Amino acid sequence: MRMTVATLGLSLLTSAAFAQSAPTLAQPPMFTEVNQASALGSSLKGLNVKNAGDETVGEIEDLVVVGNTLASYILSVGGFLGMGTHYVAVSPNSIAITWNEADKKWNARINATKDQLKAAPQFKYEGRFAR
């Protein structure tokens, strides 16, 4: 019984210490409306990226957010079952993402070939980005 009480007390003290060290914001939260023109990250992950020739050249693997801004899309290029996949970080300005109302699907286009993307500097899932 004493062990249980001691463990509970220790966990409460530890929780309080974590709560005190967490940063707090000076302003209350601001809420926004999400309209139908918006895209959710979960809708974009796994989306095939095609070029002007309608060839699939990659797939959106991840989104990179810096501060409050979308900084990059991580595209996976090539590979099979996760082997030999080349990842590249592409500026959001390089990809056109649109909603096709007739098909009820998202579309992504880039002005690049698969070979150009494979030749681009590689993004690696390592360090703090390790999976």
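Read on for a plain summary of the structure. (Residues numbered from 1 in each chain as written. Predicted model: local features only at pLDDT ≥ 70, side-chain atom pairs only at ≥ 80, totals over all residues. Heavy atoms only, no water.)

Observations concerning the pattern of salt bridges
Then, number 1: Scanning all chains against the criterion turns up five salt bridges.
Then, number 2: Of the charged contacts in the structure, one is a salt bridge between Asp54 and Arg109, with a shortest N-O distance of 3.0 Å. Placement of Asp54 in the loop between β1 (48-50) and β2 (56-66) and of Arg109 in strand β6 (residues 105-110) is noted, with a sequence separation of 55 residues between them.
Then, number 3: According to the relative accessible area criterion, Arg109 is partly exposed, its value standing at 37%.
Then, number 4: Notably, a salt bridge pairs Asp62 with Arg131, separated by 3.8 Å at the nearest N-O pair. With a gap of 69 residues between them, Asp62 in strand β2 and Arg131 in the segment after α3 (114-119) connect regions that are remote in the sequence.
Then, number 5: Arg131 gets classed as exposed once you look at its relative accessible area, which sits at 62%.
Then, number 6: Counted as one network, the salt bridges with shared partners bring together Lys45, Glu61, Asp62 and Arg131. (Salt bridge = Lys/Arg side-chain N within 4 Å of Asp/Glu carboxyl O. Helix = DSSP H or I, 4+ residues; strand = E, 2+ residues; numbered from the N terminus. Buried < 20%, exposed > 50% of the residue type's maximum accessible area, 1.4 Å probe, protein only.)

Some points on the packing of aromatic side chains
Then, number 1: Tallying each qualifying case throughout the model produces four aromatic pairs.
Then, number 2: Seen in terms of ring centroids, Tyr87 and Tyr125 are 5.1 Å apart; in terms of plane orientation they differ by 90 degrees. Their pairing is edge-to-face. Placement of the pair is Tyr87 in strand β4 (residues 86-90) and Tyr125 in the segment after α3, with a sequence separation of 38 residues.
Then, number 3: For Tyr87, a relative accessible area of 17% translates into the label buried.
Then, number 4: Their ring planes at 90 degrees and their centres at 5.0 Å tell us that Phe123 and Tyr125 sit as a pair that is edge-to-face. (Phe/Tyr/Trp six-rings, centres within 6.5 Å; stacked < 30°, edge-to-face > 60°.)

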